[in-house]
Amino acid sequence: MVLAASVLQPQLQPQPTVAQAGPSVTFLADTVLDQSALYFVSYDGLVNNNAFQDALVTYNGYQYAAWYTSSRNAVIARRALSGGGWEKAVLPHRLSVNDSHNVISIGISPQDGTLHVAMDTHNTRLYYTKSVAGLATRPGSHQWSPSVFGTVQRTLGGVELGNMTYPQFVVTPEGALQFSYRTGGSGNGVNELAEYTGGSWRKLGGGSSATGNYTGPNGVVSTTRNMYLHGLTYDRRGRLHAAFTWREGNTRVLCSPGGLSNHDTGYVYSDDRGRTWRNGAGTVVGTTGGTRISVNSPGLIADPLDPNHGLMNQEGQGADSAGTPHVVISYVPGRFTQCVSNYAQQRTRYGRTFHVVRNANGTWTKREVPVPPGSTQRTKPVFDRNDNAYLVMPRGRIVSASKTEGWKDWTLVFDRPSMNAFGEVNVDTSRVAVDGVLSFQYQKRSTGTTPSPIRVVDVRLG
């Protein structure tokens with residue numbers, strides 16, 4: 001792979017916690033969504049709480065949540081931020097298989113006030129429904145019940161997407177609702193986009209390529225892969241940021257079959273709503289529906305890393321008020337081993353979280369967060385109005401760092417073991433911009449397939 005001219009300036013040693021604490025959080029509430037939510041563990045995760053879904057979203061004074069209850073039915077709920085409890089609508093669709101990939105994602109179209117639900121898919125056709133128009137823009141005018149949602153379909157509003165995985169929604173600055181998903185499978189897949197305007201969906205096409213040659217450290221060549229997005233983030237100026245890692249289809253590039261064939265952290269951006277993609281230097285490297293971004297495209301790498309360190313896919317990213325992209329990644333540093341041979345065990349014991357930020361001159365700076373995740377699971381970033389950063393780690397722990405210190409003073413500021421949260425939590429990034437409150441959804445740890453409570457925590461930032 002061709003390296004970017006503006007690759008990371010690595011700082012691989014752990015950064016000590018400074019005496020001055022990072023920005024604080026204030027606990028506000030911990031409310032129950034469902035005392036008996038569906039519970040099973042697969043791929044080290046829960047179907048109700050994965051980083052690659054939009055399960056908690058705020059819009060126009062209301063917060064919306066999604067999960068599967070113990071009957072396996074999909075549930076969509078809402079509450080007014082001004083006060084009051086959660087209203088629940090139990091949809092007729094039941095989860096088809098015990099696979100934690102088959103999450104529920106929700107999105108809201110500002111243009112017509114519809115709420116969209118995509119769910120229950122892993123290399124299969126999705127299940128999809130949307131609400132009546134005006135539900136989100138005029139929430140007080142609609143009684144909350146399953147009747148406000150249409151029939152569950154196997155297409156995206158009549159648009160056939162084929163077999164797909166990882167449904168997520170993002171809203172453009174103009175209020176168009178976009179839908180991100182992957183076709184194909186792990187190690188041989190394509191990231192695609194669709195867009196909802198004028199009351200209907202249309203496909204924009206694929207943006208990443210599954211082909212090209214990648215040579216592992218051991219000299220083995222892999223010819224297929226998929227791009228795992230850390231997210232799609234529009235900043236305040238309208239630029240769309242996308243950080244990612246590659247997963248190779250040929251696992252013989254690894255030093256051990258017990259590892260994970262993810263490598264490198266890449267970065268691209270788009271100034272035309274995801275149609276044209278550029279590397280950090282501004283060079284066009286792909287077009288959605290045309291020439292795709294490939295592993296051999298120039299200038300993609302923000303942080304080079306070989307595939308032998310258990311690098312996590314689909315972790316986290318964000319952009320601050322100046323449009324600066326920030327990426328959160330985690331892996332097993334070389335000081336512990338240069339060959340991860342037992343992914344789950346070694347990531348849990350030795351995995352570390354890193355904050356990666358793009359500098360004004362185009363280089364990238366990486367710093368290790370001095371609070372180990374102690375989990376295979378992912379971390380998500382948010383920013384307060386002063387661009388202080390908060391990382392929501394597995395089990396709902398929060399670490400923070402201040403912009404004035406250059407995001408160096410990482411400090412643990414929220415840790416409630418009594419929550420007994422399992423792994424990843426779902427973070428509502430949209431609410432922070434509204435009232436400075438961070439909400440996250442978590443599910444209590446259980447055993448086997450015994451249902452457990454799913455809840456929402458609210459904390460004020462700063």
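Within every chain, residues take consecutive numbers counted from 1 along the sequence as written. Predicted model: local features are reported for residues with pLDDT of at least 70 only, side-chain atom pairs are reported and counted for 80 or more only, and whole-chain, interface and lining totals are derived from all residues. In computing side-chain properties, one takes all heavy atoms of the structure into account and sets aside hydrogens as well as water.

Peer 1: Can you walk me through the overall build of the chain in this structure?
Peer 2: Think of it this way: any DSSP run of H or I at least four residues long counts as a helix, any run of E at least two long counts as a strand, and we number them from the N terminus. Summing up its helical and strand segments, the chain has 2 helices and 32 strands in all. Here the C-alpha radius of gyration of the chain, 21 Å, is about what a compact globule of 462 residues would show, namely 23 Å. Scored against the burial criterion, the 462 residues of the chain give a buried share of 62%. In the chain, the proportion of contacts linking residues at least 24 apart, taken out of those at least 6 apart, comes to 58%. Only carbon and sulfur atoms are counted for the fraction: they give 48% of the accessible area of the chain, which is about 16400 Å². Here the chain contributes 42 positively and 31 negatively charged side chains, and the mean placements of these two sets differ by 2 Å. With the radius of gyration taken over C-alpha atoms, the globule rule is written as 2.2 Å times the number of residues to the power 0.38. Buried means the residue's accessible area, taken with a 1.4 Å probe over protein chains only, is under 20% of the maximum for its type, while exposed means over 50%, and partly exposed covers the values in between. By the convention used here, residues are in contact when the closest approach between their heavy atoms is within 4.5 Å. Throughout, the Shrake-Rupley method with a 1.4 Å probe supplies accessible areas, and for residues the shown protein chains are the sole cover considered. Within this scheme the basic residues Lys and Arg register as positive and the acidic residues Asp and Glu register as negative, but His and the chain ends are omitted. A charged residue contributes its charge at one atom only: NZ of Lys, CZ of Arg, CG of Asp or CD of Glu.

Peer 1: How should the nonpolar core be read in this particular structure?
Peer 2: Within soluble globular proteins, side chains that are nonpolar tend to cluster in buried spots. Residues I76, I104, I106, L115 and F149 are the most contacted members of the largest nonpolar core, which totals 26 residues. Residue assignment for this core shows that the elements contributing at least two residues are β4 (62-68), β5 (73-80), β6 (87-94), β7 (104-108) and β8 (115-119). Those residues in contact with I106 that sit more than four places away from it in its chain are D54, A55, V57, Y64, A65, A66, I76, L115, H116, V117 and F169. L193, M227, L229 and W277 belong to the second largest nonpolar core, which has 18 residues in total. Residue types Ala, Val, Leu, Ile, Met, Phe, Trp, Tyr and Cys, when buried and joined through side-chain atoms within 4.5 Å, form a set referred to as a nonpolar core.

Peer 1: Is there a simple way to think about the sheet that holds strand β3 (residues 56-59) in this case?
Peer 2: Within a beta sheet, neighbouring strands are joined by backbone hydrogen bonds and run either parallel or antiparallel to one another. Note on pairing: DSSP must find at least two bridges between two strands before they are called paired. Taken in spatial order, the 4 strands make up an open sheet running β3-β4-β5-β6, and their pairing is antiparallel. At either margin of the open sheet sits one strand with a lone partner, and together these are β3 and β6. Strand-to-strand twist of the sheet, defined as the mean angle between neighbouring strand axes without regard to direction, takes the value 20°. For β4 and β5, the ladder comprises 7 bridges, and the chain directions are antiparallel. Among the inter-strand pairings, A66 is bridged to a residue of β5, identified as I76. Angular values range over 0 to 180 degrees, each being the angle between N-to-C directions of two axes fitted as lines to C-alpha atoms, with helices fitted over their stretch in contact.

Peer 1: Honestly, the state of the cysteines in this entry has me stumped. Any pointers?
Peer 2: Disulfide: a covalent bond connecting the sulfur atoms of a pair of cysteines. Put simply, a disulfide is two cysteine sulfurs that come within 2.5 Å. Counting across every chain of the model gives 1 disulfide. Put simply, C255 and C339 are joined by a disulfide, and their sulfur atoms are 2.0 Å apart. Disulfide C255-C339: the torsion about the S-S bond is 110°, which places it as right-handed. A residue pair is termed long-range when its members are at least 10 positions apart, and C255 in the loop between β17 (240-248) and β18 (262-270) and C339 in the loop between β23 (325-331) and α1 (343-350) qualify at 84 residues.

Peer 1: Sorry, what's going on with the pairing of strand β26 (residues 380-383) here?
Peer 2: A regular strand places its side chains on the two faces of the sheet in alternate fashion. Residues of β26 alternate between two faces, with K380 and V382 on one and P381 and F383 on the opposite face, all of them buried. Alignment of β26 against strand β27 (residues 389-392), held across 4 bridges, turns out to be antiparallel. Each bridged residue has a counterpart across the sheet, and for F383 the counterpart in β27 is A389. Count of turn residues in the β26/β27 antiparallel hairpin: 5 residues, of which D387 carries a positive phi of about 65°.

Peer 1: How should empty space enclosed by the protein be read in this particular structure?
Peer 2: Any empty space left between the atoms is revealed when a probe the size of a water molecule rolls over them. In this analysis the probe radius is 1.4 Å and the grid spacing 1 Å, with only protein atoms considered; a cavity is a set of points the probe fits into but cannot get out of, a pocket is an open set with protein on both sides within 12 Å along at least five of seven lines, and lining residues have an atom within 4 Å of a point. Grid points are joined across faces, edges and corners, and a volume is the space filled by probe spheres set on the points. On inspection of all chains with the given rule, the structure shows 3 cavities of 30 Å³ or more. In this structure, the largest cavity is lined by 14 residues; those nearest its centre are N191, G207, L229, L232 and W277. Within the residue set of the lining of the largest cavity, elements represented by two or more residues are β12 (188-197) and β15 (221-229). Looking at the lining of the largest cavity, the element that brings in the most residues is β12, giving 3 residues. Under the scheme applied here, ten amino acids are nonpolar (Ala, Val, Leu, Ile, Met, Phe, Trp, Tyr, Cys and Pro), four are charged (Asp, Glu, Lys and Arg), and all others, including Gly, are polar. Residue classes in the lining of the largest cavity are distributed as 8 nonpolar, 5 polar and 1 charged. A volume near 100 Å³ is recorded for the second largest cavity.

Peer 1: What's the story with the packing of aromatic side chains in this structure? I'm lost.
Peer 2: Any two rings among Phe, Tyr and Trp, with Trp reduced to its six-membered ring, count as a pair given centres within 6.5 Å; such a pair is stacked if its planes are under 30 degrees apart, edge-to-face if over 60, and tilted if neither. Counted according to the given criterion, the structure contains 18 aromatic pairs. Within the aromatic cluster, the residues linked to one another by ring pairs are F169, F179, Y181, Y196 and W201. To sit over a ring, a charge needs its Lys NZ or Arg CZ within 6 Å of the ring centre and within 35 degrees of the ring normal. A cation over a ring is seen here: R239 above Y269, with NZ or CZ 3.9 Å from the ring centre. Positioned above the aromatic ring of F27 is the side chain of R416, whose terminal nitrogen or guanidinium carbon lies 4.0 Å from the ring centre.

Peer 1: Which parts of the structure should I look at to understand the environment of V152?
Peer 2: By secondary structure assignment, the location of V152 is in the loop between β9 (127-130) and β10 (164-171). Overall, V152 belongs to the partly exposed group, its relative accessible area being 25%. For the pair V152 and S222, spaced 70 residues apart in sequence, the C-alpha to C-alpha distance is 39 Å. Ignoring any residue separated from it by four or fewer positions in sequence, one finds V152 in contact with H93, M119, Y127, Y128 and T129.

Peer 1: Even after reading the chapter, I still don't get the sheet that holds β9, so can you show me in this structure?
Peer 2: Read across the open sheet, the 3 strands follow the order β7-β8-β9; overall the sheet is antiparallel. Sheet topology places β7 and β9 at the edges, where each strand pairs with a single neighbour. On average, each strand axis in the sheet is tilted by 15° relative to the strand beside it, whichever way the strands run. As defined by bridge partners, β7 adjoins β8 across 5 bridges and the pair is classed as antiparallel. Paired with I104 across the strands is M119, a residue of β8.

Peer 1: Even after reading the chapter, I still don't get α1, so can you show me in this structure?
Peer 2: Helical periodicity: at 3.6 residues per turn, an α-helix aligns residues three or four positions apart in one direction. For α1, every residue scored as buried is listed here: Y343, Q346 and R347. On an axial view of α1, the arc spanned by its buried residues comes to 100°, and they lie on one face. In α1, the exposed positions angled more than 90 degrees off the buried face are occupied by Q345 and R349. Contacts made by the buried residues of α1 are with β23. In this description, one arc is meant: the one made by directions from the helix axis to the C-beta atoms.

This is a description of form; function is not addressed.
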